[in-house]
Amino acid sequence: MATSQKPKSILKKASYPATTTSKEDRDRDLALYHADLIQQRKDIELEILLATETLIDYPLATAPYDASNPAPADAQTFKYLLRPFQPSDYDALILERNINERCGYTLCANAPRKESGGGRWRMVGKYGKGKDFKVVDKKELEKWCSEACAMRALYVRVQLSETAAWERGERGENTVKIDLRDEPKSDGDTVVEGLEKLQLAGDDSVKKQDTAHLALERGDRGPAARIGSVDVKILEKEIQRVPEAPSLEDEDLTERLDTIHLGILEHVGRESRGQKFTSMGSEKKMAIKRHPQRRISDTLVGYDLTLI
Amino acid sequence: MSNEEDREVKQREAGNRETARLWRAWRTVHELVQDRGYILSEAEVKISLEDFIHKFNSGDGNIEKNRMTFTAHPSDEMVARYSNPVTDRDPKPAAPDVGPIKVKFEEGDSIGIKNMRKFAQELTQESFHTGIMITSVNITPAALKIIPAVASETRIETFLEADLLVNITHHELVPKHVLLSKEEKSALLQRYRLKETQLPRIQVGDPVARYLGLRRGQVVKIIRKSETAGRYASYRYTV
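Values in this document were obtained by computation on a predicted structure and should not be read as measured data. (Residues numbered from 1 in each chain as written. Chains lettered and ligands numbered in written order. Predicted model: local features only at pLDDT ≥ 70, side-chain atom pairs only at ≥ 80, totals over all residues. Heavy atoms only, no water.)

### Let's talk about the overall build of chain A
Argument step 1. Broken down by element type, chain A carries 12 helices and 2 strands.
Argument step 2. The order of α-helices and β-strands along chain A, N terminus first, is α-α-α-β-β-α-α-α-α-α-α-α-α-α.
Argument step 3. With 308 residues in all, chain A has 29% of them scored as buried.
Argument step 4. For chain A, the proportion of contacts with a sequence separation of at least 24, taken over those separated by at least 6, is 64%. (Helix = DSSP H or I, 4+ residues; strand = E, 2+ residues; numbered from the N terminus. Buried < 20%, exposed > 50% of the residue type's maximum accessible area, 1.4 Å probe, protein only. Contact = heavy atoms within 4.5 Å.)

### Quick look at helix α1 (residues 3-36) of chain B
Argument step 1. With 34 residues, α1 of chain B should cover 50 Å at 1.5 Å per step; its first-to-last C-alpha distance of 50 Å lies within 8% of that length.
Argument step 2. Just beyond α1 of chain B, the residue with positive phi is Gly37 of chain B, at close to 115 degrees. (Expected span 1.5 Å × (residues − 1).)

### Quick look at the confidence of the model for chain A
Argument step 1. Taken as a whole, chain A shows an average pLDDT of 73; of its residues, 63% reach a score of 70 or greater.
Argument step 2. Of the regions scoring below 50 in pLDDT, residues 268-308 of chain A engages in 43 contacts with residues more than four places distant in sequence or in other chains. (pLDDT = per-residue confidence, 0-100.)

### Considering the sheet that holds strand β5 (residues 176-179) of chain B
Argument step 1. The strand order across the open sheet built from 4 strands is β5-β7-β8-β6 (chain B), with neighbouring strands paired in mixed fashion. Strands at the two margins of the open sheet, each flanked by one partner only, are β5 and β6 (201-202) of chain B. (Pairing = 2+ DSSP bridges.)

### Things to note about the sheet that holds strand β3 (residues 130-135) of chain B
Residues and elements named next belong to chain B.
Argument step 1. Ordered in space as β1-β2-β3-β4, the 4 strands form an open sheet in which the pairing is mixed. Each edge of the sheet is formed by a strand with only one pairing partner; in this case those strands are β1 (70-72) and β4 (155-160). Between one strand axis and the next, the sheet turns by 20 degrees as a mean value, whatever way the strands run.
Argument step 2. In this sheet, β3 lies alongside strand β2 (residues 101-105) in parallel orientation, the contact comprising 5 bridges. (Axes fitted to C-alpha atoms, helices over the stretch in contact; angles between N-to-C directions.)

### Quick notes on the nonpolar core
Argument step 1. Of all hydrophobic cores here, the largest spans 36 residues; its most connected members are Trp26, Val33, Phe52, Met68, Val103, Phe105 and Ile134 of chain B.
Argument step 2. For this core, the elements supplying multiple residues, two or more each, are α1, α3 (49-56), β1, α4 (76-82), β2, β3, α9 (207-212) and β7 (219-226) of chain B.
Argument step 3. Sort the elements by how many residues they give to this core and α1 of chain B lands first, with 7 residues.
Argument step 4. Mapped onto the domain boundaries, this core takes at least three residues apiece from domain 1 (3-166) and domain 2 (172-238) of chain B.
Argument step 5. Aside from chain neighbours lying at most four places away, what touches Val33 of chain B is Tyr38, Leu40, Phe70, Ala72, Ile101 and Val103 of chain B.
Argument step 6. Counting residues in each nonpolar core, the second largest holds 29 residues, with Leu55, Leu81, Tyr105 and Leu107 of chain A among its members. (Core = buried A, V, L, I, M, F, W, Y, C linked by side-chain atoms within 4.5 Å. Domains from an automatic or database assignment.)

### Focus: the packing of helix α1 (residues 23-56) of chain A against helix α5 (residues 113-125) of chain B
Argument step 1. Across the interface, α1 of chain A lies against α5 of chain B with an axial gap of 11 Å and an inter-helix angle of 105 degrees. As the angle between them shows, α1 of chain A and α5 of chain B are arranged roughly perpendicular. Counting all contacts with α1 of chain A, which are made through Leu49, Leu50, Thr52, Glu53 and Ile56 of chain A, the residues of α5 of chain B involved are Ile113, Lys114 and Arg117 of chain B.
Argument step 2. Looking at the contact of α1 of chain A with α5 of chain B, its residues break down into 4 nonpolar, 1 polar and 3 charged. (Parallel < 35°, antiparallel > 145°, perpendicular 65-115°, else oblique. Nonpolar A, V, L, I, M, F, W, Y, C, P; charged D, E, K, R; others polar.)

Below, the structure written as C-alpha cells:
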C-alpha cells in the first residue's frame, strides 16, 4: 500500500524561525565570549598592578605640597588610577608603600612612623575619653606617618567599590568618583571640577540612566545583554478589526461565558459559577457600562477585568 | 655566667642556626637544579657546612646572602627532553623552551613589587630563561602578580627557605617522578589510545611539580614500589 504521496502531518507546523547557525558555530561563539570575558579580567588586573607600581613612588611633587595640600596633578592621577581598585587592591598598595618606606597614604611623601620598643600591641587614646581607648597592633600604627594620614587614606578606601572592576560594566553610573579628604587647594582645579559637575548635556545622562533602569527591570544584567547574546525583539501585535465593547445582550457571549469559567475564571467562587449569571447579570452590565471609555479589544479579557 | 656572656652565646647560636638553615636550603636548591637536568658539579652540590661557611662568611659570623647567587646551564639531555619532535605537519619545530637558570637568595624582611620587578629585569637583561627566587618571608600578593605579567620574557619561580630545608623527593613516601619528553608522551598516548585529558592529573602547584618545574601540558611518569608487582608506573598530566 505504498503511496507516493506523503501522509499529511497532523502536528502543528513550527512557526518560530529555525536556528540558522550550526551547533559548532554557536559553541565557538560561546567559547569566544567567555574567553573574551577572561581576557577582559586579565587586562584589568594588569592595569591595577601597573597602577600600584606607579603609585608606590607617589607623590611626585615636592614642597610646598604635602599630604594636606597635594599637588593638583598628583591628586588627579591618583584618583584616575584608583578607579579600577577594590579595597583589597588598595590594601596591597598600602603594604607595598610601607615596604618602600613610605606612608600608606599615596599623596604623602613622609616615611611611616616607627614604633620603638618591643611588643606587638600598643595602647592608643590614653589621654582622651574612655571610649577612644584602644589596643591596636603595632603593625597598624606603622602603616602611617600620622593620624591625619591614616584618616585620609581610609577616607579614600571606603569610597572604593567592592565590586570587581570587570563586573562593573561600562555604564557610567558605576564609575567610582573619589573625593579626597584634603582636596588640592588651588583655584584653577576647583573651577575645572565645578565645570565637570555642571550638567550641560543633561539629556544624555538621563537617557543612559533610563536605559539602565529598563535593562535592570527586564532582568538583563551584565555584559551578556550588552554584547547581545540574548537577542530579544519585541513586535507589536497587529489588530485589524475595530475594537468593540463587550455586551451581555449578545447571545453568543452568554453561551460562551457558561463554559469559559472552566478555563480562565478559576478564581471565581464556586457558588457564583453555579448561579449561571442570572443574578449577577445586571451587576456586570453596570460594571461594564461604568467604563465605556475603556477600549477593550478582547471581550473576554475585558469581562474578567471588570469582574474583579 | 654573666648576663652579657649569656646574650653573646645566644646570639652565636642563633647565627649558627641561621647559617645551618641557609646551608640546607643551598644544598636542596642545588639538588633541585641538578634533578631538573642542569649541569652542576658534584662538588658544588655536596658542599659541606664548613666549606659553605668558609665560602660565604661575611667576617662577623653571618652569611652574605647576596653572594649566594648562582647560575647553571641545561645539559644536552635536558634540551633533548624539552625539544619539540619533528612531524610531517611541523617539519621545523620551534627550539626547546629551556635555557640558563639563575638562582638568587633574596634578602629583606618583606619582598614587594620592587624586589620582584628588579629580579625580572635582571633576568631579562642577562637573558636568563628561568629564575628562582628564594626568600625567608612570604612575598606580597601584588608582587606575585608580576610573575604572570613578565611570563613572556622570563620564567620566575619562588620558594621559601623553610620549604627547602629538606629535599622532599628524598622522602621514603615520595615516589620517583620522571618528566616525559614530547615524543615519549605521544608514544604513551598512542599505546593506551588516550587523550591527554584522560590521564590522571597533577597540579602545577603540587610540591613535587614545583620541585621539577613542571609546566601545564607535560606528563610525568611516577614509579612506585609495589609489594605485589615490584614496580608500578603511573602517569600524570600536569594541569
